[in-house]
Amino acid sequence: GNMQGGTHLNTKTLDEDHDNLKHAKVSMELKKVLQQQRMAAKMSQKDLATACNVKPQIIQEYEAGKGIPNPVMLRKIERALKQKNPEFVMGTLTKAQKAKKKPAKKTATTTASKTTTRRRF
């Protein structure tokens, strides 16, 4: 059928998600890495934004930890950085975003909980 707007799927999960009141935050790692890599490529936030076809505010928000880039956006940023700085390693930002502050402790329960936990992006 004809669907208008894409929010209804997300709002349902947001409504159900009463226990988790905190918004997802950009990992400190990603903020640092993004800024360092942008500097290494000798690009301003505006340059990077232009290269990624987004407004400069977007890059600013990512570096300030206010915005969370999705995987597609991360790859765009990585490609833009790679063009300016050949030493840049693709996947650096993706890895940085996945990096959590506390390393997860491996326990026997991990195998059992895998099936029950829903993945949130």
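In the block above lies the structure referred to throughout.
I will try to describe carefully the structure that is included in this document. Note that the coordinates shown come from a computational prediction; the quantities given were computed from them, not determined experimentally.

The next subject is the environment of Ile77. Residue placement: Ile77 occurs in helix H5 (residues 71-84). You can call Ile77 buried: its relative accessible area is 0%. Along the primary structure Ile77 and Leu48 are separated by 29 residues, whereas in three dimensions their C-alpha atoms are 7.2 Å apart. Contacts of Ile77, omitting those with residues within four sequence positions, involve Leu34, Leu48, Cys52, Ile59, Tyr62 and Leu93.

Within the secondary structure, Glu78 sits in helix H5. Arg75 is the oppositely charged side chain nearest to the buried, salt-bridge-free Glu78, at an N-O distance of 6.6 Å. Only 3.2 Å separates the side chain of Glu78 from the backbone nitrogen of Gly91, close enough to count as a polar contact.

Here the focus is unusual backbone geometry. Trans is the prevailing form of peptide bonds, just as negative phi is the prevailing case for residues other than glycine. With a phi angle near 55°, Lys42 is a residue other than glycine that sits in the positive phi range. Here Lys42 is to be found in the loop between helix H2 (28-40) and helix H3 (45-52). Residue class for Lys42 comes out exposed when judged on its relative accessible area of 74%. At Asn53, a residue that is not glycine, the phi angle is positive and equals roughly 65°. Residue position: Asn53 is located in the loop between H3 and helix H4 (56-64). Of the residues examined, Asn53 reaches a relative accessible area of 69% and is grouped as exposed.

Moving on, we get to H4. For H4, the full list of buried residues reads Ile59, Tyr62 and Glu63. One face of H4 carries all of its buried residues, which in axial projection span an arc of 95°. Where H4 is buried, its residues contact H2, H3 and H5. Immediately beyond the C-terminal end of H4, within one or two residues, lies Gly65, with a positive phi of roughly 85°.

Let us now look at the packing of H2 against H4. Closest axis-to-axis distance for the H2/H4 pair is 7 Å, and the angle between their directions is 130°. Taken together, H2 and H4 sit at an angle that is classed as oblique. Residues Lys31, Leu34, Gln35 and Arg38 of H2 lie in contact with H4, whose contacting residues are Tyr62, Glu63 and Ala64. Residue composition of the contact of H2 with H4, by class: three nonpolar, one polar and three charged.

With that out of the way, let us pick up the nonpolar core. With 18 residues, the main nonpolar core has Leu34, Leu48, Cys52, Ile77, Leu81 and Leu93 as its most contacted residues. Listed by contribution, the elements that provide at least two residues to this core are H2, H3, H4, H5 and helix H6 (92-98). Per element, the largest residue contribution to this core is five residues, and it comes from H5. When residues no more than four places from it in sequence are discounted, the contact partners of Leu48 are Leu34, Arg38, Met43, Ile59, Ile77, Ala80 and Leu81.

Basis of the calculations
- Residues numbered from 1 in each chain as written.
- Predicted model: local features only at pLDDT ≥ 70, side-chain atom pairs only at ≥ 80, totals over all residues.
- Heavy atoms only, no water.
- Helix = DSSP H or I, 4+ residues; strand = E, 2+ residues; numbered from the N terminus.
- Buried < 20%, exposed > 50% of the residue type's maximum accessible area, 1.4 Å probe, protein only.
- Contact = heavy atoms within 4.5 Å.
- Lys, Arg positive; Asp, Glu negative; His and termini not counted.
- Salt bridge = Lys/Arg side-chain N within 4 Å of Asp/Glu carboxyl O.
- Polar contact = N/O pair within 3.5 Å; in protein donor to acceptor, adjacent residues only side chain to side chain.
- Arc of directions from axis to C-beta.
- Axes fitted to C-alpha atoms, helices over the stretch in contact; angles between N-to-C directions.
- Parallel < 35°, antiparallel > 145°, perpendicular 65-115°, else oblique.
- Nonpolar A, V, L, I, M, F, W, Y, C, P; charged D, E, K, R; others polar.
- Core = buried A, V, L, I, M, F, W, Y, C linked by side-chain atoms within 4.5 Å.

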